[in-house]
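Fold and contact review
Each chain, written out:
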Amino acid sequence: MSNKKPRVRFAPSPTGYLHVGGLRTALYNYLFAKKNGGKFILRIEDTDQNRFVEGAVDNLIETLNWVGLEYDEGPNKEGSVGPYFQSERLDIYKKHAEQLIAHGDAYQCFCTTERLTELREKQQRAKLPQAKYDKLCLHLSKEETEKNLTEGKPHIVRLNVKGGDNVIINDIVRDRVEFTRDVIDDQVLIKTDGFPTYHLANVVDDYLMGITHVIRGEEWLTSTPKHILLYNAFGWELPTFAHLPLLLNADRSKLSKRQGDVAVEDYKAKGYLKEALLNFVALLGWSTSENEEFFNLDDLIEKFSLERVHKAGAIFNVEKLDWINAEHLRKKDKSEILEMLKVELAESKYKDLELKDEYLLLIIEAMLERVSFVKEYIDNSPYFFERPTSYDETVIKKRWKDDSVDLLQKYIQKLSLLDNPTKEDFEIALKQVAEEAECGAGRIIHPARVATSGVGIGPGVYDLLFILGKDEVIVRINDALKVIPEIKERINQQKQNT
RNA sequence: GGCCCCUUGGUGUAAUUGGUUAACACAUCGCCCUUUCAAGGCGAAGAGUACGGGUUCAACUCCCGUAGGGGUCACCA
């Protein structure tokens, strides 16, 4: 397969949502394909009828589209090796299972679930190293098997694991992994309902779909020997394997729902950028020799290699994700942020406000360095969208002085004389008032900020005042002057009482 | 428990594949800048590479053992 263009696949089972670990697997597959001019295929592993989830496939595809991992072949994008739903390939698996049976590499098994359970319990009680099927049905005579079949007895098909050499996996990430054959169970290939198990289906499909590299999570490593036995039984050339390290919870167990968000859509809903998610997840188990950290998708395609994927599992550290998200957000064009902010606003309580683009752009400019998420433009500075509903008491306590009322009155008086003040005009006016009152500018800056925004933090005051505009500033300060002195008075009272 | 995988600061990783004061980033702390908060700049603390043996002039890098963690042992994927 050395000269062939690689064909890789992401083969999730549609359980409802895309797991971030799945996203990382999909990404590595995608990057490997794009890097090497190959094809990235999406195959739906829906062979478990019990786990059918309505709408799961659509949701999965939607999420994949959202992050921008476009597949070359898959559902709704037929190539020449479809269908891409395993549930639509049942006859293919059946045919292949029959072929295996004919060659003695598989056999029908009529054992009941009860017997199997009992067998397993007995083996466990006997403290056998490993519970395995006892091959009872392998020794059924041809006649018995035929009889059972014609009687319509429920049955499954099992892989017939024979003795022989150790099974060796050559893996790009883990080099060489070796298993003795006695640890390999006679794996179920076809279930009673006629559906194949993962093991049969993935081998048959990977071969038929021309998959050259199987890139998947480490949880598959121990079942890979079964797959290799199947390839051998069919006489097929093995694909190259690459088993990826797991994504972990903070306690180093496999990343799970219980310990935080696990679905890509959860992160999307929280406002993470797709660029940040991909960038972050790419770094969980892979790095460049320079240890660079900021990448967009094109960078990743250029730099990625499976050889630099490493072996140990990685903890999914949200703090770092947050930082990467902020980095990506700051590098975006203001116009792009504007569009995202509009979407965010449309879903907020300010959805009925009519806000001009120039106004939003001013906010974006002023807040850019202060936000890590688009929604923070709203959450961190609601005062751009509504008048303060309260005033931060700790700020009042610290910044509101006896002369604040007087200074602010003088300031708005001065402002009222200005015609279309620029940002600089707001500054000049404020400094004039300070000079005339023979006090520092801070004496006005801080009260002006709380009075107009209700809080003590935010962009530069002159930005704040300019963006709000002269009229609004005057209204807000007048409003504030009616209530802040009372708050201050109350705070002073409390102080005396304690 | 059997089998398999893994092990560099709290976290993600780097270390020209045996020669570095073990590097970078996130997080933390401090200082500077800004009369706010961030961002940014500078700096600090934090691992001597899980542990123990070897091999070697030299080991994070090779070998053996131990420990710890994880994965897997379904008619789920």
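Residues numbered from 1 in each chain as written. Chains lettered and ligands numbered in written order. Predicted model: local features only at pLDDT ≥ 70, side-chain atom pairs only at ≥ 80, totals over all residues.

If you tally the helices and strands in chain A, you get 20 helices and 11 strands. Here the C-alpha radius of gyration of chain A, 33 Å, is well above what a compact globule of 498 residues would show, namely 23 Å. Principal-axis analysis of the C-alpha atoms places the extent of chain A at approximately 110 × 55 × 40 Å. Across the 498 residues that make up chain A, the buried fraction comes to 33%. Across chain A, every contact between residues at least 6 apart in sequence was considered, and the portion connecting residues at least 24 apart equals 76%. (Helix = DSSP H or I, 4+ residues; strand = E, 2+ residues; numbered from the N terminus. Rg over C-alpha atoms; globule rule 2.2 N^0.38 Å. Buried ≥ 20, exposed ≤ 12 C-beta atoms within 10 Å, placed from the backbone. Contact = placed C-beta atoms within 7 Å.)

This part is about the protein's contact with RNA strand B. The full set close to RNA strand B counts 61 residues, and S13, E45, A312, G440 and G442 are the nearest of them. Every element with two or more residues in the surface near RNA strand B is listed here: helix 4 (113-125), strand 6 (175-179), strand 11 (314-315), helix 11 (318-330) and helix 18 (442-453). Here the surface near RNA strand B is built from residues that sort into 21 nonpolar, 22 polar and 18 charged. (Near = placed C-beta within 6 Å. Nonpolar A, V, L, I, M, F, W, Y, C, P; charged D, E, K, R; others polar.)

Taken residue by residue, a regular strand's side chains alternate between the two faces of the sheet. The element strand 8 (residues 213-217) is extensively covered by neighbouring structure, given that 4 of its 5 residues are classed as buried. One ladder, built from 5 bridges, connects strand 8 with strand 9 (residues 240-244); its direction is parallel. Of the residues in strand 9, the one forming a bridge with H213 is T240. Considered for its hand, the β-α-β crossover made up of strand 8, helix 7 (residues 224-234) and strand 9 is right-handed. (Pairing = 2+ DSSP bridges. Right-handed = clockwise from strand over helix to strand, strands pointing away.)

Bring the parts together and some accessible area is lost; that lost area is often taken as the interface size. Assigned domains of chain A: these are domain 1 (257-330), domain 2 (334-383) and domain 3 (393-497). The centre of domain 1, based on its C-alpha atoms, is set 25 Å off from the matching centre of domain 2. Here the side of domain 1 that touches domain 2 is composed, by residue class, of 2 nonpolar, 2 polar and 2 charged. (Domains from an automatic or database assignment.)

Two numbers describe how helix 17 (residues 423-436) lies on helix 19 (residues 461-468): the axes approach to 8 Å, and their chain directions differ by 120°. With respect to each other, helix 17 and helix 19 are oriented oblique. Between helix 17 and helix 19 the crossing geometry is right-handed. Between helix 17, through K423, F426 and E427, and helix 19, the contact on the second element is made entirely by Y462, D463, L465 and F466. In terms of residue class, the contact of helix 17 with helix 19 is made up of 4 nonpolar, no polar and 3 charged. (Axes fitted to C-alpha atoms, helices over the stretch in contact; angles between N-to-C directions. Parallel < 35°, antiparallel > 145°, perpendicular 65-115°, else oblique. Left-handed = near helix turned anticlockwise from the far one by under 90°.)

Here the focus is helix 12 (residues 334-346). Counted at 1.5 Å a residue, the expected span for helix 12 with its 13 residues is 18 Å, and the 18 Å between its end C-alpha atoms agrees. The complete set of buried residues in helix 12 reads I337, L341, E344 and L345. Down the axis, helix 12 shows its buried residues gathered within 95° of arc, on one side only. Turned more than 90 degrees from where helix 12 packs its buried face, S335, E336, V343 and A346 sit exposed. Check the buried side of helix 12 and you find it contacts helix 13 (357-367) and helix 14 (376-379). (Expected span 1.5 Å × (residues − 1). Arc of directions from axis to C-beta.)

Comment: phi is negative for the bulk of residues other than glycine, and the bulk of peptide bonds are trans. In this structure, the amide linkage connecting G82 to the following residue, P83, adopts the cis form with an omega of 0°. Residue placement: P83 occurs in the loop between helix 2 (56-67) and helix 3 (90-102). Here N76, not a glycine, exhibits a phi torsion of approximately 65°, which is positive. Turning to its location among the elements, N76 is positioned in the loop between helix 2 and helix 3. On the basis of neighbour counts, which here come to 10 C-beta atoms within 10 Å, the residue N76 falls in the exposed class. Of note, N420 is a non-glycine position whose phi angle comes to about 50°, a positive value. Inspection of the secondary structure assignment puts N420 in the loop between helix 16 (404-416) and helix 17. Given 7 C-beta atoms within a 10 Å radius, N420 is considered exposed.

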